[in-house]
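# Tertiary structure, described
In case you want the letters, here they are:
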Amino acid sequence: MDEGTELSLSIAQIVQRLKGSHLHSQIETQAKDCLHRPEIKLESLKEDVRSFLKTSGWEKKLQNAIYRELHVQLPPSHPTAPLEHLKEPLAYMRKAQASWEKRILKSLNSMSTELGVPLACKRPAAEQKELTNKWNEMGTDEPDLSRFRPVYAPKDFLEVLISLRNPNHDSCEDVSSRSHWGLIQVPLNVRDIPQLRQAYSELNLSSGQLGIDDHSHVHPDLFENDFVQIGKKVLEEQDSAAAQQYSRRGCPTGLRADLWALILNSTNQPQDVMHYEQLRAGVIQHNLLVDNLIYKDVKLTASNDDYYFVFEDFLYQVLLCFSRDTAVLEHFKYNSATPPKSYLHGKVGDEEYAVVYPPNGVIPFHGFSMYVAPLCFLYNEPSKLYSVFREMYIRYFFRLHSISSSFSGIVSLCLQFERLLQTHLPQLFYHLRQIGAQPLRIAFKWMVRAFSGYLSTDQLLLLWDRILGYDSLEVIAVLAAAVFAFRAENLMEVTSLASAEAVLADLSTLKVIPLIQIFLFATAI
């Protein structure tokens, strides 16, 4: 397909998606209303209406909506290409993902059967009333969750990724013997340091960065004050693309919440608040088996975390509503995964009675609640927190627990991490491999959670600034390699996996941006 055809296909796709949106009807109403204004002339109707929409800020809102659509739509492809090829072009990846989904669903169904707990049921009126009353204090509840276990943990997922093989690829064709050192044995293109330097040029050593220059002994007038003023200007302009570019060098603490919402085009309009309230009503009316998995996960992770335990109630509210949100199903158009289905009681095997379960198509796993926890520092209004988290999930986080060949997918991130380490710290990689401490076995849990729960919160938010700014999760793999480089001296002394894990057990004192900068821009090539 030539460039012109690709462009017109993309435009048609976006127009189609925006046609049914609330924004479309709002703009339509505004355009009709403005016809009564004296400055609108019949002979120049089109130009005058356009000019009105521009000056009244609706054009900017439309631009932001289009910018958002560009981030969440399928890449341009041949019109006759099957949908499954658009979701994931490689057949062996599709097969592995389908097999993994079957395994998760089987685990969930067997838990339901063993414990005699239905996948979904209506709550009795008394329970509905009780839940309504304690909606803001769910953390005080201590249900007995001892019988429930997470459907899977990151280490189970890692084993699946390690077993991935491309049946058409003969590994003996590889020129370098190093390609066999790592655990990930699939041939995907990942960027090395020279390409990363080009892609992440704003992180170079001579550019001012929040996360470095605001902590140095430099007078704030020289960098921080100017940078904050630019941030305020970006917010005034309400331009998603400008906000994204700005966050590549970090977001000031006081502006971060608004900048992230602007980048994600998460506007928290009255209809968003209403949508959240409808989801809340759904939680109060029906009890799902996955609710117990959410409770269990929050109790096992965020509730035991020094930074996040205070947000326990928020986490329940957001995650329980998220599990009921069918709008999340939209992202399966470009996700290699397929939403799991269950059957209505007594109708097993009859496709007519198959329903997506849970309603959002996402089965939570051990550590899932840590995707939400850091956002609680930025948003204290549940509906706003919810819409930002949902947008973060359908843009980025889903890639961390689905098998795909996407360059931001977890398989590519693992491969990139191993390649960076093998290429630039071969002695360390070889040493750890020899003592049975494959680096990926240690780093995987960091990457699958986007480092949430491992870094101090201020550092984690600086890292997520860059994920949003570069619209990519690659920076996670770079940071994981940079952590190993930083602790290389100690790691060269260890003699077992346990002692290697002990060296890397506490990352809470690390400063993220200097580590990434040094690894990318001060490593000899």
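It should be noted that the structure appears before, not after, this text.
For the structure given in this document, a descriptive report is provided here. (Residues numbered from 1 in each chain as written. Predicted model: local features only at pLDDT ≥ 70, side-chain atom pairs only at ≥ 80, totals over all residues. Heavy atoms only, no water.)

Two elements in contact, helix H17 (residues 410-424) and helix H19 (residues 439-448), have axes whose closest approach is 11 Å; the angle formed by their N-to-C orientations is 135°. With respect to H19, the axis of H17 lies oblique. Considering the relative orientation of H17 and H19, their crossing is right-handed. Of H19, the residues touching H17 (which contributes Ile-410, Leu-413, Cys-414, Phe-417, Glu-418 and Leu-421) are Pro-439, Leu-440, Ala-443, Phe-444, Met-447 and Val-448. Class assignment for the residues of the contact of H17 with H19 results in 11 nonpolar, no polar and 1 charged. (Axes fitted to C-alpha atoms, helices over the stretch in contact; angles between N-to-C directions. Helix = DSSP H or I, 4+ residues; strand = E, 2+ residues; numbered from the N terminus. Parallel < 35°, antiparallel > 145°, perpendicular 65-115°, else oblique. Left-handed = near helix turned anticlockwise from the far one by under 90°. Contact = heavy atoms within 4.5 Å. Nonpolar A, V, L, I, M, F, W, Y, C, P; charged D, E, K, R; others polar.)

Relative to the assigned elements, Trp-260 resides in helix H12 (residues 256-263). The spacing of Trp-260 and Val-388 is 128 residues in sequence and 8.0 Å in space, taken between C-alpha atoms. The residues touching Trp-260, leaving out its near neighbours within four places in the chain, are Cys-251, Leu-375, Leu-378, Tyr-379, Leu-461, Trp-464, Asp-465 and Leu-468.

For the bond from Tyr-357 to Pro-358, the omega torsion is -10°, close enough to zero to count as cis. Following the sequence through the fold, Pro-358 ends up in the loop between strand S4 (354-356) and helix H16 (382-395). Here the phi dihedral of Ala-450 falls at roughly 55°; this positive angle occurs in a residue that is not glycine. Along the polypeptide, Ala-450 turns up in the loop between H19 and helix H20 (457-470). Owing to a relative accessible area of 0%, Ala-450 belongs among the buried residues under this scheme. Here Asp-471, not a glycine, exhibits a phi torsion of approximately 50°, which is positive. (Buried < 20%, exposed > 50% of the residue type's maximum accessible area, 1.4 Å probe, protein only.)

Moving on, we get to the pattern of salt bridges. Across all of its chains, the model carries 15 salt bridges by this definition. A salt bridge links Glu-474 to Arg-191; the nearest nitrogen and oxygen atoms lie 2.7 Å apart. Within this pair, whereas Glu-474 is found in helix H21 (residues 474-486), its partner Arg-191 is found in the loop between helix H8 (154-162) and helix H9 (193-199), the two being separated by 283 residues in sequence. Glu-474 gets classed as buried once you look at its relative accessible area, which sits at 2%. Relative accessible area serves as the criterion here: at 31%, Arg-191 is assigned to the partly exposed category. Among the ionic pairs, Asp-291 bridges to Arg-324, the shortest N-O distance being 2.6 Å. Residue Asp-291 is found in helix H14 (residues 289-300), and its partner Arg-324 is found in helix H15 (residues 312-324); the two are separated by 33 residues along the sequence. Accessibility classification places Asp-291 together with Arg-324 in one group, the buried group. One network of salt bridges, in which partners are shared, links Arg-123, Glu-127, Asp-291 and Arg-324. (Salt bridge = Lys/Arg side-chain N within 4 Å of Asp/Glu carboxyl O.)

Put simply, the largest pocket is a space of about 1,300 Å³. Contributing to the lining of the largest pocket are 43 residues, with Arg-68, Asn-265, Thr-267, Asp-272 and Arg-390 lying nearest its centre. Counting only elements with at least two residues in the lining of the largest pocket, the list comes to helix H1 (3-19), helix H2 (22-33), helix H4 (58-72), helix H10 (224-237), H12, helix H13 (270-285) and H16. Here the residues of the lining of the largest pocket are counted per class, giving 15 nonpolar, 15 polar and 13 charged. (1 Å grid on protein atoms, 1.4 Å probe; cavity = no way out; pocket = protein on both sides within 12 Å on 5 of 7 lines; lining within 4 Å. Points joined across faces, edges and corners; volume = space filled by probe spheres on them.)

Between its terminal C-alpha atoms H14 stretches 17 Å, which fits the 16 Å expected from 12 residues at 1.5 Å a residue. Taking burial as the measure, the 12 residues of H14 include 11 buried ones, the bulk of the element. Listing the buried residues of H14 in full gives Leu-289, Val-290, Asp-291, Asn-292, Leu-293, Ile-294, Tyr-295, Lys-296, Asp-297, Val-298 and Lys-299. On the buried face of H14, the contacting elements are helix H6 (91-115), strand S2 (286-288) and H15. (Expected span 1.5 Å × (residues − 1).)

This part takes up the packing of H13 against H16. Running from N to C, H13 and H16 cross one another at 90°; their axes reach a closest spacing of 9 Å. If you check the angle between H13 and H16, you find them roughly perpendicular. For the pair H13 and H16, the contacting residues are Val-273, His-275, Tyr-276 and Leu-279 in the first and Pro-382, Ser-383, Tyr-386 and Arg-390 in the second.

Our focus in this paragraph is empty space enclosed by the protein. In this approach a probe as big as a water molecule rolls over the atoms, and the regions it shows empty are the leftover space. Enumeration over the complete set of coordinates arrives at 2 cavities of 30 Å³ or more. Of the volumes computed, that of the largest cavity is approximately 80 Å³. Val-290, Leu-293, Ile-294, Asp-297, Leu-319, Phe-322, Ser-323, Asn-360, Val-362, Pro-364, Phe-368 and Ser-369 are the residues that line the largest cavity. Considering every element that reaches the lining of the largest cavity, the biggest residue donor is H14, with 4 residues. Of the residues belonging to the lining of the largest cavity, the class tally is 8 nonpolar, 3 polar and 1 charged. There is about 60 Å³ of room inside the second largest cavity. If you go around the second largest cavity, the residues you meet are Arg-149, Pro-150, Leu-293, Lys-296, Asp-297, Pro-364, Phe-365 and His-366. In terms of residue class, the lining of the second largest cavity is made up of 4 nonpolar, 1 polar and 3 charged.

Bringing H17 into the picture now. When the terminal C-alpha atoms of H17 are compared, their 21 Å separation across 15 residues agrees well with the 21 Å that a helix rising 1.5 Å per residue should span. Summarising burial for H17: 13 of the 15 residues are buried, a large majority.

It is worth spelling out the environment of Met-111 at this point. Turning to its location among the elements, Met-111 is positioned in helix H6. Overall, the relative accessible area of 0% leaves Met-111 in the buried class. Remark: the alpha-carbon pair of Met-111 and Arg-147, spanning 36 residues in sequence, is separated by 9.1 Å. Residues within four places of Met-111 in sequence aside, it is in contact with Phe-148, Arg-149, Val-151 and Leu-293.

On to the packing of aromatic side chains, then. Under the counting rule described, the total for this entry stands at 28 aromatic pairs. Measuring from centroid to centroid gives 4.4 Å for Phe-227 and Tyr-246, while their planes differ by 15°, and the two rings are stacked. With Phe-227 in helix H10 and Tyr-246 in helix H11 (residues 240-246), the pair connects residues that are 19 residues apart, well separated along the chain. The residues Phe-227 and Tyr-246 share a single accessibility class, namely buried. When the ring of Phe-322 is compared with that of Tyr-393, the centres are 5.2 Å apart and the planes differ by 70°; the resulting orientation is edge-to-face. Taken as a pair, Phe-322 in helix H15 and Tyr-393 in helix H16 lie far apart in primary sequence, 71 residues in all. Connected via pairs of aromatic rings, a cluster forms that spans Trp-100, Tyr-152, Phe-157, Phe-322, Phe-365, Phe-368, Tyr-371, Phe-389, Tyr-393, Phe-397, Phe-444 and Trp-464. (Phe/Tyr/Trp six-rings, centres within 6.5 Å; stacked < 30°, edge-to-face > 60°.)

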